[in-house]
2 protein chains.
Amino acid sequence: MDERAALDSLAGRIPAAGDDCAVVDGSVLTTDMLHESTDFPDGTTRYTAGWRAVGASLSDVAAMGASARAAVAVYAAPELDEEDLNAFVDGARDVCEACGAEYVGGDLDSHDEFTVTTTALGRTDDAVLRSGAEPGEAVCVTGRLGRSGAALRLFATGENDRANELFRFTPRIAASEVIAPHAGAMMDSSDGLARSLHQLAAASDCGFAVDTPLPVADAVGEVATDPAEKRELSVFFGEDFELVFTVPESELDAIREAAPVAITRIGSVVESGVTLDGDPLDDRGYTHG
Amino acid sequence: MDERAALDSLAGRIPAAGDDCAVVDGSVLTTDMLHESTDFPDGTTRYTAGWRAVGASLSDVAAMGASARAAVAVYAAPELDEEDLNAFVDGARDVCEACGAEYVGGDLDSHDEFTVTTTALGRTDDAVLRSGAEPGEAVCVTGRLGRSGAALRLFATGENDRANELFRFTPRIAASEVIAPHAGAMMDSSDGLARSLHQLAAASDCGFAVDTPLPVADAVGEVATDPAEKRELSVFFGEDFELVFTVPESELDAIREAAPVAITRIGSVVESGVTLDGDPLDDRGYTHG
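Residues numbered from 1 in each chain as written. Chains lettered and ligands numbered in written order. Predicted model: local features only at pLDDT ≥ 70, side-chain atom pairs only at ≥ 80, totals over all residues. Heavy atoms only, no water.

Where an unreviewed UniProt entry is consulted, chain A appears under the name Thiamine-monophosphate kinase, with the organism given as Halococcus saccharolyticus DSM 5350. Under the UniProt heading Sequence similarities (unreviewed entry), the entry covering chain A gives this text: "Belongs to the thiamine-monophosphate kinase family." Looking at chain A in UniProt, the text filed under Catalytic activity (unreviewed entry) is "thiamine phosphate + ATP = thiamine diphosphate + ADP". (UniProt positions renumbered as here; feature names shortened; annotations may be inferred.)

Here's what the structure looks like:
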């Protein structure tokens, strides 16, 4: 059974699960495990690892339209090197500070592979689910796609400073505060834009007609010249932690004006089918290890 | 740097950490990672693993005097076997149900060793810290000590049914509700009674004079006959998840009457030093892997 099949099998057994966070009377809660071999390429600093791991959980909080309150992490490594640990905690604290949350510690553990589990807590009285999209709404993304895919290429060629910088994304908590009151459905793009659209479509029982040009990070152009490769990095690779959301067309201008990040309308909610420039968009993306 | 030195090094950097849970405006949050090699002996069922892993986090919530609201878990295994996963989730749900909390899912992951990270969320407006013990108070424990140590011996001899049963402890959420309004200081005995007393003493700047007989689980007598071995299992081994707490002597009867579990007065809070029957009690216990 792969991860997706297992999640499907559990969906009926745990009603509160199945969105970016679980919702429990006004709180939202989310947890993720990341591993060195699959999530932190050679060259990733421990500061970046702390920022990115905790940021991934804060991104799930943003995806629910919630404010971020606190985060904890379990740090497990073959040995507990003080400098590494302090750098990790600095990254974790700084990403929390960037989101108005408090980093409140966690647990330490010995483990053969550097492994991190992060958990974030948020608050909202009106969570935005994946299931609220309505045909006729606009579908939008925050920021630009492809940063993480580009970072991976840069890590592979040893351009580690630039790669670390791209890896330290800003969780869209502040943008979410502006978007959430208007949004029909929302999630983050951690599994890639294509997977996110298919997941929103399945949860909302709708489709999406998306058109190029998409907002693509400049870094994608730096590492890829072939159009197919650019598309792979920006549409399928994922791990970008941007928000993908639907809103009534009439509210788009107000959101764009108030949001602290670029909001791009990439298409419309339709009755069924997920298309890019009229062609079916594959339901595939990054399967997290 | 071992885990204890690393925790000490972090204590100054993360003010909210250092107790059983972090406290964030009315919420308490705790996270722990457990591994097959160090926490789930051969013979532990996946149902027991789910119960015990989530129970350990719920025990931390109880140790703060908080009510338990929700728990999540990351389940990471070499392969995602449906039966194993469902058994784990059943155990996680059942221990939550026993504590009035909701199991709201989490994350799945591939990992070379079966590894679980659990996180629990609780609520209290008046958290009981490790730092509030005052000389003259009584020091008490809930339930009986040594269950987990005895279980380990039984796993080793293949008495798995009885061992699994002992491994599925009841987190003391209901007892905590009765104790918390009266308690000076409280924590759980996950690192053993001796370590817990030393940690409470350090946090409260006090000492403890503890006397035998201590409340010891019947199972300890079944697996150990030598008095030194019995003491090892009940005082030092830990992993029992009972509450260790201090209260004014005058309130002890009322607590005993209302608590849903036996409360044993094991000694008194004193100015300094931790003793058992007048002899210094070693500051050692189970160091979690």
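Residues and elements named next belong to chain B. Within the open sheet, the five strands sit side by side as β1-β2-β5-β3-β4. Their pairing is mixed. Whereas interior strands pair on both sides, the edge strands pair on one side only; in this sheet they are β1 (22-24) and β4 (102-110). Looking at each pair of strands side by side, their axes are set apart by 20 degrees on average, direction ignored. (Pairing = 2+ DSSP bridges. Helix = DSSP H or I, 4+ residues; strand = E, 2+ residues; numbered from the N terminus. Axes fitted to C-alpha atoms, helices over the stretch in contact; angles between N-to-C directions.)

Attention now goes to the packing of helix α4 (residues 82-98) of chain A against helix α1 (residues 3-11) of chain B. Between α4 of chain A and α1 of chain B, the least distance of the axes is 11 Å, while the angle of their chain directions is 45 degrees. By the angle between their axes, α4 of chain A is oblique relative to α1 of chain B. Considering how the two elements wind past one another, α4 of chain A and α1 of chain B form a crossing that is right-handed. Residue-level inspection shows Glu 82, Leu 85, Asn 86 and Val 89 of chain A of α4 of chain A in contact with α1 of chain B, the latter providing Ala 6, Ser 9 and Leu 10 of chain B. Residue composition of the contact of α4 of chain A with α1 of chain B, by class: four nonpolar, two polar and one charged. (Parallel < 35°, antiparallel > 145°, perpendicular 65-115°, else oblique. Left-handed = near helix turned anticlockwise from the far one by under 90°. Contact = heavy atoms within 4.5 Å. Nonpolar A, V, L, I, M, F, W, Y, C, P; charged D, E, K, R; others polar.)

Looking now at the relation of the copies chain A and chain B. Mapping chain A onto chain B leaves a residual RMSD of 0.0 Å; the transformation is a rotation of 180 degrees accompanied by 0.0 Å of translation along its axis. The relationship between the two copies is best expressed as a two-fold rotation axis. (Least-squares fit on C-alpha atoms with pLDDT ≥ 70 in both.)

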